[in-house]
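# Chain and residue survey
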Amino acid sequence: MKKIICLAILLNASCLFAQEKMVTHRVNEEISYVVPESFTLMSKGDRIEKYVSSREPLAMHASVDGEINYGVNWNPMQWMDGDEQMIHDFYKASILSMFDEVEFIQDEIKEVNGKKFVVFEFVSLLSSENAFSNKSSRNYTYIQYTSYNDQVLLFNFACNAWLMSQWQPIANEIMNSVKVKMK
């Protein structure tokens, strides 16, 4: 009986996520995308607490429970249109070096709304065995990079891997909605 109740709750939650309304968010006049209406923009304090970075993200959204994150950031690395293969190889090597295991779902250069993106969608495992922790984590990540004013823009969706089946379709919708216009 408990199994049936748990299954009903999971199916009901999946239906709620699948029916959630998407709203457009504009970073500026050139950058926009859709996110679920229930996602909130993280405050500067929340961003600093959750993400250590030398660069302030352009935008960072979180689900109500904080389990799902979607953000837009930039990298001052020079990137010109036509450098996609070099950027692909650089970021793929970086991803592979950060995790103990990586299973790629997408690993390609593709066009999204008229702009070329380097796209990586993957499930990763990070084992943390040190003096402070002995836990590991499996995460689902969908990240895409593109050139923007001779810099790199990155769009990143992340959640725990056990939530992937619920959130992968929404991650795809978000990433396929990204629009980047050049000045």
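A brief report on the enclosed structure follows. (Residues numbered from 1 in each chain as written. Predicted model: local features only at pLDDT ≥ 70, side-chain atom pairs only at ≥ 80, totals over all residues. Heavy atoms only, no water.)

## Side note on the overall build of the protein
In terms of helices and strands, the protein carries four helices and 10 strands. Each helix (α) and strand (β) of the protein, taken in turn from the N terminus, gives the series α-β-β-β-α-β-β-α-β-β-β-β-α-β. The buried share among the 183 residues of the protein stands at 40%. Counting only contacts in the protein whose residues sit at least 6 apart along the sequence, the fraction spanning at least 24 positions is 51%. Per element, the accessible surface of the protein, about 10800 Å² overall, is 55% carbon and sulfur. (Helix = DSSP H or I, 4+ residues; strand = E, 2+ residues; numbered from the N terminus. Buried < 20%, exposed > 50% of the residue type's maximum accessible area, 1.4 Å probe, protein only. Contact = heavy atoms within 4.5 Å. Areas by Shrake-Rupley, 256 points an atom, 1.4 Å probe, with all protein chains shown as cover.)

## Quick word on the pairing of strand E9 (residues 151-160)
In the case of a regular strand, side chains alternate between the two sheet surfaces. By the bridge criterion, seven bridges tie strand E5 (residues 69-75) to E9 in an arrangement that is antiparallel. In the strand pairing of E9, Tyr70 is matched with Phe157. Inspection of the sheet shows strand E8 (residues 136-148) paired to E9 by 10 bridges, in the antiparallel sense. Bridge assignment links Tyr140 to a residue of E9, and that residue is Cys159. (Pairing = 2+ DSSP bridges.)

## Considering the packing of aromatic side chains
Evaluation of the coordinates by the stated rule reveals 11 aromatic pairs. Summarising the aromatic geometry, the rings of Phe120 and Tyr145 are spaced 6.3 Å apart at their centres and angled 75° between planes, so their arrangement reads as edge-to-face. One end of the pair, Phe120, is in strand E7 (residues 115-127); the other, Tyr145, is in strand E8, with 25 residues separating them in the sequence. With respect to class, Phe120 is no different from Tyr145; both count as buried. In textbook terms, an aromatic cluster arises when at least three aromatic residues are bridged by ring pairs, as seen for Phe90, Tyr91, Phe99, Phe104, Phe120, Phe122 and Tyr145. Residue placement shows Lys92 over the ring face of Phe104; its charged tip is 5.1 Å from the ring centre. (Phe/Tyr/Trp six-rings, centres within 6.5 Å; stacked < 30°, edge-to-face > 60°. Lys NZ or Arg CZ within 6 Å of the ring centre and 35° of its normal.)

## What to know about the environment of Gln78
Note on placement: Gln78 falls in the loop between E5 and helix H3 (84-98). Since its relative accessible area comes to 56%, Gln78 is described here as exposed.

## Here we look at helix H4 (residues 164-177)
Compared with an ideal rise of 1.5 Å per residue, which puts 14 residues at 20 Å, H4 spans 19 Å between its outermost C-alpha atoms and is within 8% of the ideal. All of the buried residues in H4 are Met164, Gln166, Trp167, Ile170, Ala171, Ile174, Met175 and Ser177. (Expected span 1.5 Å × (residues − 1).)

## Some remarks on the environment of Glu30
If you trace the backbone, Glu30 turns up in the loop between strand E1 (22-26) and strand E2 (31-36). Glu30 sits 150 residues away from Val180 along the chain, and the two C-alpha atoms are 5.5 Å apart.

## Overview of the nonpolar core
Nonpolar side chains in soluble globular proteins tend to be buried together. Tyr33, Tyr70, Tyr140, Phe155, Phe157 and Trp167 are the most contacted members of the largest nonpolar core, which totals 31 residues. Those elements that provide at least two residues to this core are E2, E5, E7, E8, E9 and H4. The next biggest cluster of nonpolar side chains, apart from the first, holds 12 residues, and it includes Trp79, Ile87, Tyr91 and Phe120. (Core = buried A, V, L, I, M, F, W, Y, C linked by side-chain atoms within 4.5 Å.)

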